[in-house]
Amino acid sequence: MATETSPAVTVTQMPTFTEATLDPGVPPGPIEEKWEKHKFNMKLVNPANKRKFTILVLGTGLAGASAAASLGELGYNVKSFCFQDSPRRAHSIAAQGGINAAKNYRNDGDSVFRLFYDTIKGGDYRAREANVYRLAQISTNIIDQCVAQGVPFAREYGGLLDTRSFGGAQVSRTFYARGQTGQQLLLGAYQALSRQIAAKTVEMHPRTEMLDLVVIDGRARGVVIRDLITGKIETYVGDAVVMATGGYSNVYYLSTNAKGCNASAIWRAYKKGAYLANPCFTQIHPTCIPVAGESQSKLTLMSESLRNDGRIWVPRKADDKRNPNDIPEGERNYYLEERYPAFGNLVPRDVASRAAKAVVDSGYGVGELKNGVYLDFSTAIKRLGEHVIKDRYGNLFDMYANITGEDPYKVPMRIYPALHYTMGGLWVDYNLMSSIPGLFVLGEANFSDHGANRLGASALMQGLSDGYFVLPYTMGNYLAQATLGKVTTDDPAFKEAQYTVDDQVKRFLAIKGTRTVDSFHRELGKLMWDDCGMGRTAESLQHALTKIPQLRAEFWANVNVPGGGNDLNQELEKAGRVADFFELAELICLDALHRNESCGGHFREEFQTPDGEALRDDENYAYVAAWQYAGAGVSPILNKEPLKFDYVKLSQRSYK
Amino acid sequence: MKLHLKVWRQKSGNRQGHLVDYELDNVSPDESFLEMMDLLNEKLIEKGEEPVAFDHDCREGICGSCGMVINGIAHGPKAAVTTCQLHMRNFKDGDTVVVEPWRASPFPIIKDLVVDRSAFDRIIQAGGYISVSTGSAPDANTLPVGKEQSDLAMDAAQCIACGACVAACPNGSAMLFTAAKAAHLGLLPQGQPERNRRAVLMINQQDAEGFGGCTNIGECEAVCPKSISMDFIARLNRDVLVGTIAGAGRVEA
Ligand SMILES: Cc1cc2nc3c(=O)[nH]c(=O)nc-3n(C[C@H](O)[C@H](O)[C@H](O)COP(=O)(O)OP(=O)(O)OC[C@H]3O[C@@H](n4cnc5c(N)ncnc54)[C@H](O)[C@@H]3O)c2cc1C
Ligand code: FES
């Protein structure tokens, strides 16, 4: 693995790529029957043989914990890793709003097909139909599983499950546990995992960070781990590796993600040959608390579910300094309700975010820094009473009040979009296997299912679908057929990977420069937000592509990583992550530059309809861009997976 | 504003630790406590010193990673928040702020403000779950659960396992943590079959980890960032009693 320390390419024009076509291995047959038939056709591992297989699972979020627990239940020998001090603290814990499922308990016209349709359309026709259909089918099993585990979903007085609606859907299919749905689902998976740890089918390794993937004879066979307490660099052999290490929003420094979220696992797998798909598909969430000042270390999301009852507006007069409650109805611009009468405040995230940016950019922003829009609950409080609103969103309101010092029951909230989720990730086939045989990728770390824009409450669904219900089948199918030779950590591939990781640690400690890791991270994040954020142009992307290598070179020459390598050293951990963010940032911009269209979260300002909506180019870009590493300083190879839409007709998205 | 900080520094678990004085200027009232610590660390690194190690991740009060004893109170002076949710507007210019790690023998110090809370994981592993394997669940609505019941279960389920309850308790008891999990599962119909056995197994593990007993002092409830009620402890005690009479935990122990 080469570490790119000096400016690699100075892009003055689009680099030339080698192109190849990718086959996702979707089974034949009608879409409704594919998964059932495939499950039957897949090979099984004899129960007595399962314990002979070791599976290394990286990450204990919804995807990783559900996978590790389910594989353990099946009898495999599982080793699970996470960097937090406990698997229960994975970033999934922070998800607030809810999880979608096509239960149609409300009799409001929901169905598997509708959830499938909404997801494909919401993703702006850049997702693989077969995977999305399977996800919609499995969605109903997830709710059953979680209820059985004791997840305390919200209930109606009759004792049955309550639901609410979310952006991009006209039915009420989102199940929730107050404003802590992710926490409750993760605790369900964590408890299932704990049961397997007690049963000794899963060996848990908290406070460890995976820093390299080991590939032998073309297959993923192990990992290199740094023990974050002792600094020891260790190697583990497995028959397969599962990566469920989450998304990479923190490339942008300020995001709604937990501080530790990082791209190192997927990036290092990329450098070992796993393709990275659609990295430029990043999601900006419309409802976050606006930035308050320079020292801000992260942004806080206000769940999208708030858009159910909150109305978004800005004053009709620019630079209006009046107290929002003193601004009469007629002088308020409910811009989403006016522009999108059918969906109103519930348009998908990308649409809502861009609309907010447009009003703020034209001077209508509210708050001291004029960097927000109002989310107003007064109408809902009048209609339903404060207690109902409190019941639905109490903890979110408390959170808001605590952060801003303002009372949202009395004054409208101020919100603004922020980086939130990354649809891009490692490319996987229908079986969730990457381009490296034996490396499976789940949850936000893979690229599947959400196309160019994810609908609210669908990430939790996807993570649990992958971990509980897809991987346990496809993993067996792989292990039953693969011829896996005996491998030990003495293999040169392990030694080399271990050496590279060790070497990187030593280099960081030796630089002894003058700037902190955070200062570089902040600068990179700002650059990415300005040049490759909510709106992108060829020009801004070229600018980023010239700047990033320069900043990266400075980082490698001038970063200050204090302390040593043999104990807990949080600056060292951050340095490794930021080094990877630098390299990934470049690929994100390259991908964004190559995609000469706007779709979902990827809004290229050159490509828009006369009324400012994203303008896709289906003829030339209806494909997944799966990038293949070709060496330091060399343009990557572009592998295209063509997307065919047999069940949902390609059309211009409209939420009017 | 300007603060006089006294921060616990300890190289590692087996070394002596002590409070170190730092003067910190330009702290903004809008910053969170952890952002203030970031600022301190940035200054330390610039001076060539090692920054203060502390656990954190979500920075919005839900992951349970962060935890500092601030001026003698776990998670600081404001009720019902975690350290990461505590804003500097709760302090005044010129204040002296003492920052220490959780102190309890089942939570050994790893470095500075970082402690090892894996004992909590082992309590859950001992029985804090419903034994249901993937794929074996009936339709979710076949089992109605009353709203009040479900809401109460949710009140208990909110625990983030930060460990403030243990740090605040003069006995170093983990009863609020264990009780919250026992109540969450024990209040739901799905959790009934294993209810008493679960309580006994978790309590046994809690004792084995060296946590102290509960004498109803109430410090735990006072510092809990999720305001989890001590009433759940009474429930746990009852379940343990019933379970012990029924012989739970004996075979396994
Ligand atoms: C504030 C917020 C609210 C959200 N609300 C919702 C919602 O309401 N509904 C919804 O559907 N989605 C929501 N999402 C999105 C959703 O929470 C995430 O996409 C999802 O939880 C990701 O789960 P995961 O299992 O893929 O990864 P994560 O939960 O991010 O877990 C990653 C795991 O990988 C481990 N890890 C990472 N790197 C390494 C490494 N190198 N070595 C070892 N371990 C590693 C970590 O320790 C962790 O255990 C929200 C997201 C945010 C930020
Ligand atoms: S950092 Fe997650 S609770 Fe404080």
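Residues numbered from 1 in each chain as written. Chains lettered and ligands numbered in written order. Predicted model: local features only at pLDDT ≥ 70, side-chain atom pairs only at ≥ 80, totals over all residues. Heavy atoms only, no water.

### Some words on the packing of aromatic side chains
Our working rule: For Phe, Tyr and Trp, where Trp contributes only its six-membered ring, two rings pair if their centres lie within 6.5 Å, and the inter-plane angle classes them as stacked under 30 degrees, edge-to-face over 60, or tilted in between. Numbering of helices and strands runs from the N terminus; a helix is a DSSP stretch of H or I covering at least four residues, while a strand is a stretch of E covering at least two. Three exposure classes are used, based on accessible area relative to the maximum for each residue type with a 1.4 Å probe and protein chains only: buried under 20%, partly exposed in between, and exposed over 50%. Should the NZ of a Lys or the CZ of an Arg lie within 6 Å of a ring centre and within 35 degrees of the ring normal, that charge is described as sitting over the ring.
Considering all chains together, one arrives at 29 aromatic pairs over all chains under this definition. Plain terms: the ring middles of Phe107 of chain B and Phe120 of chain B are 5.3 Å apart, the flat faces sit at 80 degrees to each other, and that makes the pair edge-to-face. Of the two residues, Phe107 of chain B is situated in the loop between strand 5 (96-100) and strand 6 (109-111) and Phe120 of chain B in helix 2 (residues 118-127); the sequence distance between them amounts to 13 residues. Under the relative-accessibility criterion, Phe107 of chain B is labelled buried at 1%. We classify Phe120 of chain B as buried; its relative accessible area is 3%. Ring pairs connect the aromatic residues Phe508, Phe520, Phe555, Trp556 and Phe582 of chain A, which therefore count as one cluster. The ring centre of Phe83 of chain A lies 4.8 Å from the NZ or CZ of Arg577 of chain A, which sits over that ring.

### Considerations on the interface of chain A and chain B
Selection criterion: Any two residues whose heavy atoms approach within 4.5 Å at even a single point are treated as in contact. Simply put, the buried area is the total loss of 1.4 Å probe accessible area from both parts when two parts are fitted together. Contacts described as polar in this section are N or O atom pairs within 3.5 Å, which, within protein, must combine one atom able to donate a hydrogen with one able to accept it, while residues neighboring in sequence count only if both atoms come from side chains.
Listed per partner, the contact involves 75 residues of chain A and 71 residues of chain B. Taken over both partners, the interface formed by chain A and chain B buries close to 6,100 Å², and the fraction arising from carbon and sulfur atoms is 48%. Taken together, the connections running from chain A to chain B amount to 47 residue pairs in polar contact (both at pLDDT 80 or more). Of all elements in the fold, only helix 3 (62-74), helix 5 (129-149), helix 6 (181-198), helix 11 (386-404), helix 12 (459-481), helix 14 (517-532) and helix 16 (570-594) of chain A reach the threshold of two or more residues within the side of chain A that touches chain B.

### Topic: the pattern of salt bridges
Stated formally: Each salt bridge in this description consists of a side-chain nitrogen of Lys or Arg and a carboxyl oxygen of Asp or Glu lying within 4 Å of one another.
All chains considered together, the criterion is met by 69 salt bridges over all chains. With a closest N to O distance of 3.4 Å, Lys410 of chain A and Asp407 of chain A form a salt bridge. On the basis of relative accessible area, Lys410 of chain A is assigned to the exposed category, the value being 61%. Here Arg198 of chain B ties to Glu194 of chain B by a salt bridge, and the two come within 3.9 Å at their closest N and O atoms. With respect to burial, Arg198 of chain B and Glu194 of chain B carry one shared label: buried. Connected through salt bridges with shared partners, the residues Asp124, Arg126, Arg595, Glu597, Arg616 and Asp618 of chain A form a single ionic network.

### Considerations on the sheet that holds strand 10 (residues 240-243) of chain A
Residue and element names in this part refer to chain A. For clarity, the threshold we go by: Pairing between strands requires that DSSP locate at least two bridges from one strand to the other. To get an axis, fit a line to the C-alpha atoms, keeping to the stretch in contact for a helix; angles then go from 0 to 180 degrees between the N-to-C directions.
Spatial ordering of the open sheet is given by 6-3-2-10-18, a layout of 5 strands whose pairing is parallel. Each edge of the open sheet carries a strand with a single partner, namely strand 6 (202-205) and strand 18 (439-441). Taking the axes of each pair of neighbouring strands and ignoring which way they run, one obtains an average angle of 20 degrees across the sheet. Here strand 2 (residues 54-58) pairs with strand 3 (residues 77-81) via 5 bridges, running parallel. The residue of strand 3 that forms the bridge with Leu56 is Lys79.

### Section: the domain arrangement of chain A
Residues and elements named next belong to chain A. Inclusion rule: Throughout the structure description, domain borders are defined by an automatic or database domain assignment.
Entries for chain A in the domain assignment read domain 1 (286-419) and domain 2 (492-623). Distance from the C-alpha centre of domain 1 to the C-alpha centre of domain 2: 30 Å. At the junction of the two partners, domain 1 supplies 11 residues and domain 2 supplies 10 residues. Each partner contributes to the roughly 780 Å² buried at the junction of domain 1 and domain 2, and carbon and sulfur atoms together form 58% of this total. It is Arg339, Arg354 and Lys357 that lose the most area in domain 1 upon contact with domain 2, and together they represent 53% of the buried surface on that side. Counting across the domain 1 and domain 2 interface gives 1 salt bridge.

### Description of empty space enclosed by the protein
Heads up, the rule is: Residues are said to line a cavity or pocket when one of their atoms sits within 4 Å of a point; the points come from a 1 Å grid over protein atoms alone, cavities being sets where a 1.4 Å probe fits but cannot get out and pockets being open sets with protein on both sides within 12 Å along at least five of seven lines. Grid points are joined across faces, edges and corners, and a volume is the space filled by probe spheres set on the points.
What the rule picks out here adds up to 13 cavities of 30 Å³ or more. Of the voids in this model, the second largest cavity is the one considered here, and its volume is about 710 Å³. If you trace the second largest cavity, you find 43 residues lining it, with Gln570, Glu573, Lys574 and Arg577 of chain A together with His56 of chain B closest to the centre. Mapped by element, the contributors of at least two residues to the lining of the second largest cavity are helix 14 and helix 16 of chain A together with helix 1 (33-46) of chain B. In terms of residues, the lining of the second largest cavity owes the most to one element, helix 16 of chain A, which gives 7 residues.

### Side note on unusual backbone geometry
All names here are of chain B. The phi dihedral of Asn26 falls on the positive side, at around 60 degrees, and the residue is not glycine. Its place among the elements puts Asn26 in the loop between strand 2 (18-24) and helix 1. Judged by its relative accessible area of 64%, Asn26 is exposed. Notably, Asn216 is not glycine yet its phi reads approximately 55 degrees, a positive angle. Position of Asn216 among the secondary structure elements: in the loop between helix 6 (195-208) and helix 7 (219-223).

### Quick look at the site of ligand 1
We apply this condition: Whether a residue is near a molecule or strand depends on its heavy atoms: if one lies within 4 Å, it is near.
Taken together, 38 residues form the shell around ligand 1, and within it Gln84, Ser92, Gly97, Met210 and Glu444 of chain A come nearest. Residues close to ligand 1 are split across chains A and B. Gly98 of chain A has a polar backbone atom sitting 2.9 Å from a nitrogen atom of ligand 1. One of the backbone N or O atoms of Leu460 of chain A is found 2.8 Å from an oxygen atom in ligand 1.

### So, the packing of helix 6 of chain B against helix 8 (residues 231-245) of chain B
Residues and elements named next belong to chain B. Under the convention used in this document: For classification purposes, angles smaller than 35 degrees are called roughly parallel, those larger than 145 roughly antiparallel, those between 65 and 115 roughly perpendicular, and all remaining angles oblique. Each residue gets one label: Ala, Val, Leu, Ile, Met, Phe, Trp, Tyr, Cys and Pro are nonpolar, Asp, Glu, Lys and Arg are charged, and the others, such as Gly, are polar.
Their axes nearest at 8 Å, the elements helix 6 and helix 8 cross at an angle of 100 degrees. Put simply, helix 6 runs roughly perpendicular to helix 8. From helix 6, Arg195, Asn196, Ala199, Val200 and Ile203 reach across to helix 8, where they touch Leu236, Arg238, Asp239, Val240, Val242, Gly243 and Thr244. Within the contact of helix 6 with helix 8, the residues separate by chemical class into 6 nonpolar, 3 polar and 3 charged.

### Comments concerning the domain arrangement of chain B
All names here are of chain B. Under the domain assignment, chain B is made up of domain 1 (3-111) and domain 2 (117-245). Taking only C-alpha atoms into account, the centre of domain 1 sits 29 Å from that of domain 2. Counting residues at the interface gives 19 residues for domain 1, matched by 18 residues for domain 2. Per-residue buried area on domain 1 facing domain 2 is highest for Trp102, Pro106 and Phe107; these three make up 38% of the total on that side. For the pair domain 1 and domain 2, the number of links is 1 salt bridge. With a closest N to O distance of 3.8 Å, Arg117 and Asp55 form a salt bridge.

### A word on a nonpolar patch on the surface
Quick note on the threshold: By definition, no residue in a patch forms a salt bridge, and every one has over 30% relative accessible area; like charges are joined within 9 Å, nonpolar side chains (Val, Leu, Ile, Met, Phe, Trp, Tyr) within 5 Å. Shrake-Rupley sampling with a 1.4 Å probe provides the accessible areas, and residues are treated as covered by the protein chains on show and by no other component.
A contiguous nonpolar surface patch, about 250 Å² in accessible area, is contributed by Phe113, Tyr117 and Tyr647 of chain A. Within the element layout of this structure, Tyr117 of chain A appears in helix 4 (residues 112-122).

### Thoughts on the pairing of strand 9 (residues 233-237) of chain A
Residues and elements named next belong to chain A. Sheet analysis places strand 8 (residues 219-227) next to strand 9, joined by 5 bridges and oriented antiparallel. Looking at strand 9, one finds that Ile225 is bridged to Glu234. A loop of 5 residues connects strand 8 with strand 9, the two strands running antiparallel in sequence, and Gly231 in this loop sits at a positive phi of about 80 degrees.

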